[in-house]
Amino acid sequence: MKQLNTKLLTLGFVLTGGLLAAQSLTPFWSEQFTNNIPAGWTNADASNQNVIWKWCADNASGCSPVFSGEAPFAATSAATGYVHVNSDAAGLLAQNHVSRLTTSAIDCSGKSTVFVKFQSHIGTYTVTPASSGLLRVSTDLNNWTTFTAFPDLLVANEFSGNPYLSILDISSVAANKGTVYLQWQWTGNYEYMWDLDDVELFDQ
């Protein structure tokens, strides 16, 4: 049976490239998953084992798992929809799943700086969140730059805070680009889950 070894604080912060008081700013792009995964996004398991991201209409109906000691996903708008990967339900696999959720093209032209902010709740068993739960950014869907969404979660068999707030400076890839893709990639094998919601882009 899986046993939880470490509990983290309720809220974690990822700050890259300086402070961002995103709570008080207006995003130029956002997604709250109110009406399913948006049309035009791609959703795949690169290992071809069909461990993919799925949509939940709310956080109260039991759509995604709630493990012992944890609470339902507590992102700001989780009550009106969010997405998740249920790694636990897939069981022990022949090889790691590589679950990828990729946006359609986002216009970041005229934005000299670009920060992405999103809320998560991740639980792992065999891998560390820092190495397995990643944000990747591209302008052509071929070349990807990887950003660490959970840099302080360095131990396997633990849950993040609920929600865990990631704020990443992706300007090196996205600034002033007319076509930008975001991709959440989770590599694991019989982990717990990764819940995701309230994705926002800011230009300051």
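The written sequence of each chain sets the order in which its residues are numbered from 1. In keeping with the predicted nature of the model, local features appear solely for residues at pLDDT of at least 70, side-chain atom pairs appear and are counted solely at 80 or more, and the whole-chain, interface and lining totals rest on all residues. Computation of side-chain values covers all heavy atoms of the structure but excludes hydrogens and water.

A word on unusual backbone geometry
How we decide: Where helices and strands are cited, they refer to DSSP runs of H or I of at least four residues and of E of at least two residues respectively, numbered from the N terminus.
Residue asparagine 162 is joined to proline 163 through a cis peptide bond whose omega torsion reads 5 degrees. Along the chain, proline 163 falls in the loop between strand 11 (158–159) and strand 12 (164–169). Non-glycine residue asparagine 48 carries a positive phi angle of around 60 degrees.

Structural notes on the sheet that holds strand 9 (residues 133–138)
Note the threshold: Should DSSP find at least two bridges between two strands, the strands are regarded as paired. Axis lines are fitted to C-alpha atoms, over the contacting stretch for helices. Their N-to-C directions set the angle, which ranges from 0 to 180 degrees.
Spatial ordering of the open sheet is given by 4-7-13-9-10, a layout of five strands whose pairing is antiparallel. In this open sheet, the two strands that pair with only one neighbour each are strand 4 (42–45) and strand 10 (144–148). Between one strand axis and the next, the sheet turns by 20 degrees as a mean value, whatever way the strands run.

Focus on the state of the cysteines
What counts here: The term disulfide is used for any two cysteine sulfur atoms that are within 2.5 Å. For every residue, the accessible area obtained with a 1.4 Å probe (protein chains only) is divided by the maximum for its type, and the residue is called buried under 20%, exposed over 50%, and partly exposed between those limits.
Inspection of the entire model under this criterion finds one disulfide. Between the sulfur atoms of cysteine 56 and its disulfide mate cysteine 63 the distance is 2.1 Å. Across the S-S bond linking cysteine 56 and cysteine 63, the dihedral sits near -80 degrees, which makes this disulfide left-handed. A relative accessible area of 35% places cysteine 63 in the partly exposed class.

A few points about the environment of alanine 75
What counts is decided by this rule: Contacts were defined at the residue level, with two residues in contact if any of their heavy atoms lie within 4.5 Å.
Structurally, the position occupied by alanine 75 is in the loop between strand 5 (54–56) and strand 6 (82–86). Residues alanine 75 and serine 120, spaced 45 residues apart in sequence, show a C-alpha to C-alpha distance of 7.1 Å. Residues contacting alanine 75, with those up to four places away along its chain left out, are Gln119, Pro163, Asp197 and Asp198.

Take it as geometry only, folks, not as evidence of what the structure does.
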